[in-house]
Amino acid sequence: QVQLVESGGGLVQAGGSLRLSCAASGRTFSSYAMGWFRQAPGKEREFVASIRSGGSTNYADSVKGRFTISRDNGKSTAYLQMNSLKPEDTAVYYCAGGLTLAPWSEMGYIYWGQGTQVTVSS
């Protein structure tokens, strides 16, 4: 069993930055793909970014060039650096982990964190 705990959310002005962290328990972190998803009020959860065990990354078009996903296997932690934040980035952000060949899809992830709120004011 793997537990994921997100942190780093908060309130920031448009144009600002935040770094989200996702700390994982268990020894299998390095073998998992890790993903970040978000859900805004009244909307479905959507893909933000993912990183495979080998380090390759994928991003949603809406965040390309602004967000960077990374991982530190020694610390069993994944990160999401968010720069140039916009009000439309406001959402609850979730990290997820799993052995998936399609890390941009929710379907392949079996472990989910509880979510952390990100609010961007205009």
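Caption draft 1: Focus on the nonpolar core. Residues Trp36, Leu80, Met82 and Tyr93 are the most contacted members of the largest nonpolar core, which totals 33 residues. Of all elements in the fold, only strand 3 (18-24), strand 4 (33-39), strand 5 (46-51), strand 7 (67-72), strand 8 (77-82), strand 9 (91-98) and strand 11 (116-121) reach the threshold of two or more residues within this core. Setting aside residues no more than four positions away along its own chain, Leu80 makes contact with Leu18, Arg19, Leu20, Trp36, Val48, Ala49, Phe67, Thr68, Ile69 and Tyr93.

Caption draft 2: Representation of the state of the cysteines within the structure. Going through the model one piece at a time under the given rule, you end up with 1 disulfide. Each sulfur of the disulfide joining Cys22 and Cys95 lies 2.0 Å from the other. The S-S bond linking Cys22 to Cys95 shows a torsion near 55°; that makes this disulfide right-handed. Placement of the pair is Cys22 in strand 3 and Cys95 in strand 9, with a sequence separation of 73 residues. Across this residue pair, the class does not change: Cys22 and Cys95 are buried.

Caption draft 3: Up close: the pairing of strand 4. Counting buried residues in strand 4 gives 6 out of 7 residues, a clear majority hidden from the surface. Pairing of strand 4 with strand 9 involves 7 bridges; the strand directions are antiparallel. Across the sheet, Ala33 pairs through a bridge with Gly98, a residue of strand 9. As defined by bridge partners, strand 4 adjoins strand 5 across 5 bridges and the pair is classed as antiparallel. Following the sheet pairing, Trp36 is matched in strand 5 by Ala49. Counting the residues in the hairpin turn of strand 4 and strand 5 gives 6 residues, including Gly42, whose phi is positive at 75°.

Caption draft 4: Layout of the sheet that holds strand 8. Sheet architecture is open: 4 strands sit in the order 1-3-8-7, paired in antiparallel fashion. This sheet does not close on itself; its edge strands, each paired only once, are strand 1 (4-7) and strand 7. Sheet twist, expressed as the mean angle between neighbouring strand axes with direction ignored, is 15°. The pairing of strand 3 with strand 8 spans 6 bridges and is antiparallel. Paired with Leu18 across the strands is Met82, a residue of strand 8.

Cut-offs used in this document
Residues numbered from 1 in each chain as written. Predicted model: local features only at pLDDT ≥ 70, side-chain atom pairs only at ≥ 80, totals over all residues. Heavy atoms only, no water. Core = buried A, V, L, I, M, F, W, Y, C linked by side-chain atoms within 4.5 Å. Buried < 20%, exposed > 50% of the residue type's maximum accessible area, 1.4 Å probe, protein only. Helix = DSSP H or I, 4+ residues; strand = E, 2+ residues; numbered from the N terminus. Contact = heavy atoms within 4.5 Å. Disulfide = S-S within 2.5 Å. Pairing = 2+ DSSP bridges. Axes fitted to C-alpha atoms, helices over the stretch in contact; angles between N-to-C directions.

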